[in-house]
Amino acid sequence: MRIIGVIPSRWGSTRFPGKSLAPIAGKPLVCWVAEACQRAKLLDEVLVATDDARIAEAVRGTGVRAVMTPADLPSGTDRVAMAAQAAPEDLVINIQGDEPLIDPALIDAVAEKLRTDSSCEMATACAPIRTRGELEARTIVQVTLDRFDRALYFSRFPIPCRRDGEPDFSGGLYQRHIGIYGYRGDFLARMVKEPPCALEKCEGLEQLRALWMGARIGVVRTNDVGIGVDRPEDVAVIEAILRERGVTAGTEAT
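Computed from a predicted structure; not experimentally measured.

**Student:** Quick rundown of helix H3 (residues 76-84)? Include the residues and the values.
**Tutor:** Each α-helix turn comprises 3.6 residues. Residues three or four places apart therefore point the same way. Among the 9 residues of H3, 7 are classified as buried, and the element is accordingly described as predominantly covered. The inward-facing, buried residues of H3 abut strand E1 (3-9), strand E4 (45-50), strand E5 (65-68), strand E6 (91-94), strand E10 (175-184) and helix H6 (185-193). Positive phi shows up at Gln-85, right after H3, with a value of about 50 degrees.

As C-alpha cells, then:
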C-alpha cells in the first residue's frame with residue numbers, strides 16, 4: 001500500500017486565473033503547498049496534477065513530480081484520480097492547491113484515519129463553528145457527524161437546524177468542513193466513474209456523491225480552519241501571517 005498526496009493545480013480560476021503561480025513572499029503559491037506536503041510524514045509520494053506547463057515547471061525544483069492532465073476534466077477529483085493512477089489498496093490524499101499554510105500534521109491525520117479505520121472509504125476534516133456569522137455564511141460548508149465521527153451530511157446551509165432558541169456553539173455540534181480528502185484507491189476509481197447525483201448538483205459539493213453512493217466518510221477534528229487563496233487580495237493576508245511567523249521564501253513554514 002502506498003499513500004499518495006496529490007495537489008490539483010489548474011491554471012484556470014474564475015476569481016483568480018493563474019493563482020497557482022501567484023508569488024507569495026517571492027515563491028509561487030503551488031510551491032508553498034508542495035513543500036508543506038513534503039513535510040508530512042506518511043506520504044510516500046507527492047504529485048502536482050496540473051493542466052499547464054508553467055505550473056509543472058514551477059514545481060520542478062521542489063522535489064515533487066508534476067503530472068500533466070487534460071484541462072477539460074470535470075473536477076479536481078478527476079484530476080487527482082488521473083494523476084495518482086492508484087492501485088485498489090493505495091490511499092490517495094487530495095490536498096487543496098490554494099492553501100499555502102496547510103498543516104502537514106493534518107495531512108498525516110487524514111491519511112492515518114484511512115490507514116487505521118477499514119470501515120471508511122473516504123476521510124476528510126472539520127473544525128468547530130464558533131459564531132453565528134460562520135454558521136450562516138453560505139461560503140462555509142458544514143458537516144454533521146455521527147457518534148463515530150463519520151459524516152452524515154454536508155451542506156452550505158446551517159446544519160443541524162436548531163428548532164428552538166439560539167444555536168449553542170459550546171458542544172461541538174456545529175462543524176465547518178475543511179477541504180482535504182482521503183480516498184481508498186478502489187473507491188476513488190468508482191467515484192469518478194459515477195455521474196453527479198441530484199444532491200451534489202443541488203449543493204455543489206462533490207462529497208455528497210460519495211455519501212449518495214453509500215460511502216462512509218471518516219472525519220478528523222481539528223482547530224485549524226486553514227486559509228485559502230481565492231482572490232488576489234488574499235496573497236497579502238498570507239504574507240502577513242508568514243511575516244508574523246518569521247517565514248520567508250527560503251525557510252520552511254511550520
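Still more to cover.
**Student:** I'd like to hear about the pairing of E6, residue by residue, with values.
**Tutor:** Alternating residues of E6 divide into Leu-91 and Ile-93 and Val-92 and Asn-94, and every residue in both groups is buried. Direction of pairing for E1 relative to E6: parallel, over a ladder of 4 bridges. Within E6, the position partnered with Gly-5 by the bridge is Ile-93. Both E6 and E10 contribute to a ladder of 4 bridges, which runs antiparallel. Paired with Ile-93 across the strands is Gly-182, a residue of E10.

Parameters at a glance
Residues numbered from 1 in each chain as written. Predicted model: local features only at pLDDT ≥ 70, side-chain atom pairs only at ≥ 80, totals over all residues. Heavy atoms only, no water. Buried < 20%, exposed > 50% of the residue type's maximum accessible area, 1.4 Å probe, protein only. Helix = DSSP H or I, 4+ residues; strand = E, 2+ residues; numbered from the N terminus. Contact = heavy atoms within 4.5 Å. Pairing = 2+ DSSP bridges.

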